[in-house]
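Per-entry structural report
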Amino acid sequence: MNDLELRKQFLRIERGGGGVRLLVCEIHWDGPGNSVSAWVVDQHLPGTATDAEVNTAASGILEDNQYFRVCAECNERNPLGWMHEEQICQGCAVANHGIVY
């Protein structure tokens, strides 16, 4: 999944109430095969924030290890909840290491 696709699926930008909120979808696991998603506010920007400022902030969220990591094997950025461990995504864990989910 490329960064544009990640932004569409895992980031929300809400304007209103005099400001801009940037939300990110966090994925947690509630047992095997049962993921739970929750939208959390990462940043508040003033209502005067330009599109460029909002885009820069959104790009920064994709770079934040709190939410996303890049797999050391396939070099794809994934939500933290899709990582098998700190540096290997679930897809590579299955394909390359015999992990079964």
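This text goes with the structure placed above it.
Because the structure is predicted, anything quoted here is derived from the model rather than measured.

What counts, and at which threshold
Residues numbered from 1 in each chain as written. Predicted model: local features only at pLDDT ≥ 70, side-chain atom pairs only at ≥ 80, totals over all residues. Heavy atoms only, no water. Helix = DSSP H or I, 4+ residues; strand = E, 2+ residues; numbered from the N terminus. Polar contact = N/O pair within 3.5 Å; in protein donor to acceptor, adjacent residues only side chain to side chain. Contact = heavy atoms within 4.5 Å. Salt bridge = Lys/Arg side-chain N within 4 Å of Asp/Glu carboxyl O. Buried < 20%, exposed > 50% of the residue type's maximum accessible area, 1.4 Å probe, protein only.

Here the focus is the side chain of R69. With respect to the helices and strands, R69 occurs in strand β4 (residues 68–70). Only 3.2 Å separates the side chain of R69 from the backbone oxygen of N65, close enough to count as a polar contact. With residues near it in sequence (within four places) discarded, R69 still touches E76, R77, N78, L80, M83 and E86.

The subject of this paragraph is the pattern of salt bridges. Summed over all chains, the structure comprises 4 salt bridges. One salt bridge connects E14 with R21, and the closest N-O pair in it is separated by 2.5 Å. Its salt-bridge partner being E63, residue R77 comes within 3.3 Å of it at the nearest N-O pair. Of this pair, R77 sits in strand β5 (residues 77–79) while E63 sits in helix α2 (residues 51–63), and the two are 14 residues apart along the sequence. What makes R77 buried here is its relative accessible area of 15%. Residue class for E63 comes out exposed when judged on its relative accessible area of 53%. Several salt bridges share partner residues, and in doing so they unite D3, E63 and R77 into one network.

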